[in-house]
Structures are given as C-alpha cells and as structure tokens.
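Chain by chain, the residues:
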Amino acid sequence: MKPRLLYIGNKLSKHGITVTSIETLGALLESEGYDVIYASSVKNKTLRLIDMLIKTFYHRNQVDFVLIDTYSTHNFWYAFLVSQLCRLLRLKYIPKLHGGDLPNRLKRSPVMSRMIFKNAYCNVAPSAYLLEAFSNKGYATIHYIPNTIELENYPFKKREQIKPRLLWVRSFASIYNPGMAIEVYRLLKNEFPDAALCMVGPDKDGSFDKVRQMAKKLNLDVFFTGKLSKKDWIKISEQYDIFINTTHFDNTPVSVIEAMALGLPIVSTNVGGITYLLDDQKTALLVSDSDAPAMIEAVKKILTDKALLEHLVHNAQYLVQDFDWTKVKTKWNTLLH
C-alpha cells in the first residue's frame, strides 16, 4: 500500500490563478495510486494559512508524509509555520523547493531556514541550481527531482520557416519582468513590421494592467489572452515561432520545459536556475537580465540562421526527455517508499 500524502500549497486555479505544482504533481501522484489530501484552495491568504494548519493537525494520524511547496517570498511563511507544526506533531515533511530567489532567502532568514530545512525528512530540489545552493549551505538531506510534464500531451511542431512571432507564457508579476517582452516587441517592430507578440497568463501582482497600458501607450497590438487552460495555450503556440522568457529570477520554469517539448526555439534571460537548465548556443540563446537589445539580436539570429534554429530545437527536444513523467515518477516512488 502506497503512503498517504498531505500536499500543502496554493491550489488556486479555480480562482483564476495559474496552476502550480500542487495541482500538476498532485494529480500525477494520484495517478500512481497515492492517496493525496490537499490544502489549500482558499483564496484569502490569511484564511488559506489557517486552513493549511487546521488540515495538518486534523490529518496528523492519517498521512505518512506532508509535501510543502516552498517559495522565497510571502509563501515562505506558510512553509515555515506548517513545517514547525509538523515538527510538533512528529510528522515527516518534505519541502518541495520553488523559486529562483530561494538562495537569497537562505541568506536573509538563516535561522528560520535552518528550522525548516534541517529538520525535514528530506528537501526536494527541482533543479541543479537549487541543489547546489542548498548543498553549499550545508543542507545534506536534499534530493534532485526535476519538474515534470507528460510529453505525450505536447505535440512537437517542426517549424520549417519561422517568422518574428513571439510567445510569452507566465503569470504577470514583476519578478517575471513582463515589461521587457513589450520592449523587445517594440524594437522588433522597427525592423519587422509583421512581428507579433502573444502574452499568456493571469495577473499576479497588478503587472497585467501596467503592461497592457504600456503596450497601448506605445500603440503595440499585443495579444493578451489572460489565463488559459494548458490545452488552449498549447493550441495557440502553433501560431508562434519563438518563445521568450524575460524573468529577473527563475528556477526551472515549467513553461520553458513545455516550450522545448513543443519545438519552440527559446530566448531567455540567463538568471538563477536558467543557466543550469539551458546551455547558451546549444539548447537556447541566453541574454543578460533586462537586456532587450540583446534579446532582439538573439531573436534575429534565430530568424536568419536556419542551421542555428535546427541545432537549438534538436538539442532542446533531446533535453526535455529527462522531464517526462515516465522517468520522473521513479524518483518520487523511490523517495516516498
């Protein structure tokens, strides 16, 4: 009989928020026969924290492990409080690390970080970037289990002739720097009047309205879709030829993994875990944070160099095989047993 799990995280897609690991990984674990209890889908942050704590206490005698999605910003505190309750209740808990800024959180909150991560059953790092950062801080109980997708759900498209049609997929939040996508599009339009930009994702911190106003002021015809289901944005991706990732901080973004699976060449900022995920000139073209002119030059290289395009896409297609659930699930099964 497989262990029973309590999964702590932001299960908020029904409120229009982007689907996170608690919903994707949780469903995959259920498909493997695990009994998973979730907390929480409450929208209000304070009430959501209370719900997480209540469910942890209520199910204390019914679960074998508590998985905790652990981020670097405000949600760091619910991970801290839930983990300390688990300690009091003698529950085995597993922080699942997220967010490219977690290494800085280790520096800003060293005591609380040790209270969470030193006492965990183990910590799960979805990237070599976080694995290295935590190992360097002396956290020995850490396992590498990458973010995962089901490759069969991502039809690969071979783009024989590409156009300057850019796709951006992320929540609209300042840490993901969506304004850079607008600036890249503005500069691209100067040389390629037929250029297009589609931005997919819901608002997270008010950035959506700011970016939309920015596009309107510059008279740019950006296609803002808002939040889409996975199936819908995959369908839209067929109309676009280059994927851009503009973030200030990053870990191992699932949207980039998905873009590789779909056959989209990638241009990304080289921040956080990106350089551990992507190799410049091999699986993507990487530029410095906020360097819109460099991103334009990278886009132009892909547009004009078919050999480079095929090289990037081929290598990315090979790399993405490591993120398929058929491989990743064995790591979870080994850890949880």
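All values derive from a computational prediction rather than experimental measurement.

**Q** Sorry, what's going on with the pattern of salt bridges here?
**A** Between side chains of opposite charge, a pair can form as their charged atoms come close. This structure, assessed with the given rule, holds 15 salt bridges. Residue D51 is joined to K55 by a salt bridge in which the shortest nitrogen-to-oxygen separation is 3.6 Å. Note that D51 and K55 are positioned in helix α2 (residues 45-58) at a spacing of 4 residues, about one turn of the helix. Look at D51 and you get buried, because its relative accessible area is 17%. In this structure, K189 engages D221 in a salt bridge whose closest nitrogen and oxygen atoms are separated by 3.7 Å. Highlighted residues: K189 in helix α7 (residues 178-191) and D221 in the loop between α8 (207-217) and β9 (223-226), separated in sequence by 32 residues. Linked by salt bridges that have partners in common, E191, E297 and K300 make up one network.

**Q** So what exactly am I meant to see when it comes to the sheet that holds strand β11 (residues 266-269) here?
**A** Adjacent strands of a sheet form backbone hydrogen bonds with each other and so pair up, either parallel or antiparallel. Ordered in space as β9-β8-β7-β10-β11-β12, the 6 strands form an open sheet in which the pairing is parallel. Here the strands that pair on one side only, and so sit at the sheet edges, are β9 and β12 (285-287). Strand after strand, the sheet turns through a mean of 20° between neighbouring axes, direction not considered. Strand direction decides the pairing type here: strand β7 (residues 165-169) and strand β8 (residues 196-200), joined by 5 bridges, are parallel. In the strand pairing of β8, L166 is matched with L197.

**Q** I keep staring at the nonpolar core and nothing clicks. Help me out?
**A** A general tendency of soluble globular proteins is for nonpolar side chains to be buried together. Counting residues in hydrophobic clusters, the biggest one holds 37 residues, and the most contacted among them are L197, M199 and I244. Elements with a minimum of two residues in this core: β7, α7, β8, α8, β10 (242-245), β12, α12 (292-304) and α13 (306-319). Examining the composition of this core, we find that 7 residues originate from one element, α12, more than from any other. When neighbours within four sequence positions are excluded, L197 is seen to be in contact with L166, W168, A181, I182, Y185, V222, F223, Y240 and I244.

**Q** Can you help me understand the side chain of H98 in this one?
**A** Structurally, H98 can be placed in the loop between β4 (93-97) and α4 (102-108). Excluding anything up to four places from it in sequence, H98 contacts S21, D69, T70, Y71, S72, L130 and N251.

**Q** Where do I start with the pairing of β10 in this structure?
**A** The side chains of a regular strand alternate between the sheet's two faces. The alternating pattern of β10 places I242 and I244 on one face and F243 and N245 on the opposite face, and all of these are buried. Relative to β11, β10 runs parallel, the two sharing 3 bridges. Looking across to β11, one finds that I244 is bridged to V267.

**Q** Whenever I open this one, unusual backbone geometry confuses me. Can you help?
**A** Excluding glycine, a negative phi dihedral is what most residues carry, and trans is how most peptide bonds are arranged. A cis amide bond links A39 with the next residue in sequence, S40, at an omega value of 15°. Unlike most non-glycine residues, R90 shows phi in positive territory, near 60°. The residue R90 is located in the loop between α3 (76-89) and β4 in this model. For N177, which is not a glycine, the phi torsion comes out positive at approximately 50°. Along the polypeptide, N177 turns up in the loop between β7 and α7. A relative accessible area of 13% places N177 in the buried class.

**Q** Would you explain the packing of aromatic side chains in this entry?
**A** The relative placement of two aromatic rings is captured by the distance of their centres and the angle of their planes. For the structure on display, the rule yields 11 aromatic pairs. For the pair Y7 and Y38, a centre-to-centre distance of 6.5 Å together with 20° between the ring planes defines the contact as stacked. Of this pair, Y7 sits in strand β1 (residues 4-8) while Y38 sits in strand β2 (residues 35-39), and the two are 31 residues apart along the sequence. Assigned by exposure class, Y7 and Y38 land together as buried. Here the aromatic rings of F208 and F224 are separated by 5.6 Å at their centres, their planes lie at 70°, and the arrangement is edge-to-face. Here F208 is found in helix α8, whereas its partner F224 is found in strand β9, with 16 residues between them in sequence. Here a set of aromatic residues connected by ring pairs shows up, and it is made of W168, F172, F208 and F224. Cation over ring: R60 sits above F57, and NZ or CZ is 4.1 Å from the ring centre. Over the ring of Y176 we find R170; its NZ or CZ atom is 4.0 Å from the centre of that ring.

Cut-offs applied
- Residues numbered from 1 in each chain as written.
- Predicted model: local features only at pLDDT ≥ 70, side-chain atom pairs only at ≥ 80, totals over all residues.
- Heavy atoms only, no water.
- Salt bridge = Lys/Arg side-chain N within 4 Å of Asp/Glu carboxyl O.
- Helix = DSSP H or I, 4+ residues; strand = E, 2+ residues; numbered from the N terminus.
- Buried < 20%, exposed > 50% of the residue type's maximum accessible area, 1.4 Å probe, protein only.
- Pairing = 2+ DSSP bridges.
- Axes fitted to C-alpha atoms, helices over the stretch in contact; angles between N-to-C directions.
- Core = buried A, V, L, I, M, F, W, Y, C linked by side-chain atoms within 4.5 Å.
- Contact = heavy atoms within 4.5 Å.
- Phe/Tyr/Trp six-rings, centres within 6.5 Å; stacked < 30°, edge-to-face > 60°.
- Lys NZ or Arg CZ within 6 Å of the ring centre and 35° of its normal.

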